[in-house]
Amino acid sequence: MTIRGFKAYLDGTIGSRTASMKEDFLPGRDGTTTRGLLREGVENGGLLAHVRDAQRAGMQVIAHAIGDAANKYLLDTLAEVWGNQPARLVRARARSEHAQHLGAEEIARFGSMGVIASMQPLHKADDGRYAEGYIGEARSRTSYAFKDLLDAGAVLVFGSDWPVVSLNPWLGIDAAVTGRLLDSDETWMTHQNITVGEALRCYTSRAAYGVGAEDEIGKIEAGFRADFVILSASPFDPGVNLRTIQSMATYVEGRCVFSRP
């Protein structure tokens, strides 16, 4: 086991209206509104002290930040600790976990600062069913900004957030590539869709980079661990239903650990 870093929590979630946002959520059923909140201990130097400790120890900063205000606070803190040294910040591999509801300013800064946007695309399939009722259509256009982040030169990595949602990566790939909502063929914010190839890279080689293991895993290449799957269908087939792809065999370090009849 290798300890890579520590995880901090900056805010809550959009569904509970506790994600920290720059502007108010739309009014709730009782007519009240809020901008969410930052978790206890984040402000007044709390997060800053932890990030400085991580820098001194050479540890990776991994921070739960969902709202645009929370992500701005994280980026500001990272900039304060690493100063005008983006190359050192890139080596530090700082990650925003979720980075779901961003503004144009934050998207650009992910690209310029080299901070990793660690996202879970299946959440888009879930949140897309109600997000506009919480933050409106305009802010939703830069939510789950997969394409905008890649266009800005940001490092985008994907994972599952299991057990909150399914750990099946093909459901997440489908959400990132098609914009389909959960258990539906309805789509949402398809201008943020990315290609199958990009989605696969986000789940494999870029995810390996996100944990500092890009020289060991994430590719089928000489010198890497022989981790691979044999699939029931090609994800590059234009007619394939990405949601139904299954592993027929799974190999870990060259050993078959699972096979389907």
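Provided above is the structure to which this section pertains.
Residues numbered from 1 in each chain as written. Predicted model: local features only at pLDDT ≥ 70, side-chain atom pairs only at ≥ 80, totals over all residues. Heavy atoms only, no water.

Describe the overall build of the protein, listing the residues and the values that go with them.
Secondary structure summary: the protein contains ten helices and eight strands in total. Expected size for 261 residues packed as a compact globule is a radius of gyration near 18 Å; at 19 Å, the protein falls within 12% of this value. Principal-axis analysis of the C-alpha atoms gives the protein an extent of 55 × 45 × 30 Å. Looking at the 261 residues of the protein, the share that counts as buried comes to 46%. Sequence separation of at least 24 residues holds for 65% of the intrachain contacts in the protein that already meet a minimum separation of 6. (Helix = DSSP H or I, 4+ residues; strand = E, 2+ residues; numbered from the N terminus. Rg over C-alpha atoms; globule rule 2.2 N^0.38 Å. Buried < 20%, exposed > 50% of the residue type's maximum accessible area, 1.4 Å probe, protein only. Contact = heavy atoms within 4.5 Å.)

A description of the pairing of strand 4 (residues 116-119) should follow, citing residues and the corresponding values.
On strand 4, burial covers both faces: Ile116 and Ser118 on one face and Ala117 and Met119 on the other are all buried. For the handedness criterion, the β-α-β arrangement of strand 3 (residues 95-98), helix 4 (residues 104-113) and strand 4 is classed as right-handed. Of the pairings in the sheet, the one linking strand 4 to strand 5 (residues 155-158) comprises four bridges and is parallel in character. Its bridge partner being in strand 5, Ile116 is matched across the sheet by Val155. (Right-handed = clockwise from strand over helix to strand, strands pointing away. Pairing = 2+ DSSP bridges.)

With reference to specific residues and values, describe the packing of aromatic side chains.
As enumerated under the stated definition, the model contains five aromatic pairs in all. Ring centres 6.3 Å apart and planes at 65° place the aromatic pair Tyr144 and Phe146 in the edge-to-face group. With relative accessibility at 1%, the residue Tyr144 sits in the buried group. On the basis of relative accessibility, which here comes to 0%, the residue Phe146 falls in the buried class. Taking the centre distance of 5.2 Å and the plane angle of 75° together, the rings of Phe146 and Phe158 count as edge-to-face. Taken together, the positions of Phe146 in helix 7 (residues 146-151) and Phe158 in strand 5 put the pair twelve residues apart, joining distant regions of the chain. (Phe/Tyr/Trp six-rings, centres within 6.5 Å; stacked < 30°, edge-to-face > 60°.)

Summarise the sheet that holds strand 8 (residues 255-259); cite the residues concerned and give the values.
The strand order 6-7-8 describes an open sheet built from three strands, whose pairing is antiparallel. On the outer flanks of this sheet lie strand 6 (228-231) and strand 8, each paired with one strand and no other. Adjacent strand axes in the sheet meet at a mean angle of 20° when their direction is disregarded. The sheet contact formed by strand 7 (residues 247-252) and strand 8 spans four bridges and is antiparallel. Note that in strand 8 the partner of Tyr251 across the bridge is Cys256. (Axes fitted to C-alpha atoms, helices over the stretch in contact; angles between N-to-C directions.)

Quick rundown of helix 9 (residues 196-203)? Include the residues and the values.
Where helix 9 is concerned, the buried positions are Val196, Gly197, Ala199, Cys202 and Tyr203. In this structure, the buried residues of helix 9 make contact with strand 5, helix 8 (169-178) and helix 10 (205-210).

Please set out empty space enclosed by the protein residue by residue, giving values where relevant.
Applying the stated criterion to the full structure yields one cavity of 30 Å³ or more. As a volume, the largest cavity reaches approximately 40 Å³. Lining the largest cavity are Pro121, Leu122, Gly159, Ser160, Ser166, Leu167, Asn168, Pro169, Gly172 and Tyr203. Along the lines of polarity and charge, the residues of the lining of the largest cavity split into five nonpolar, five polar and no charged. (1 Å grid on protein atoms, 1.4 Å probe; cavity = no way out; pocket = protein on both sides within 12 Å on 5 of 7 lines; lining within 4 Å. Points joined across faces, edges and corners; volume = space filled by probe spheres on them. Nonpolar A, V, L, I, M, F, W, Y, C, P; charged D, E, K, R; others polar.)

Coordinates in, geometry out; function isn't part of it.
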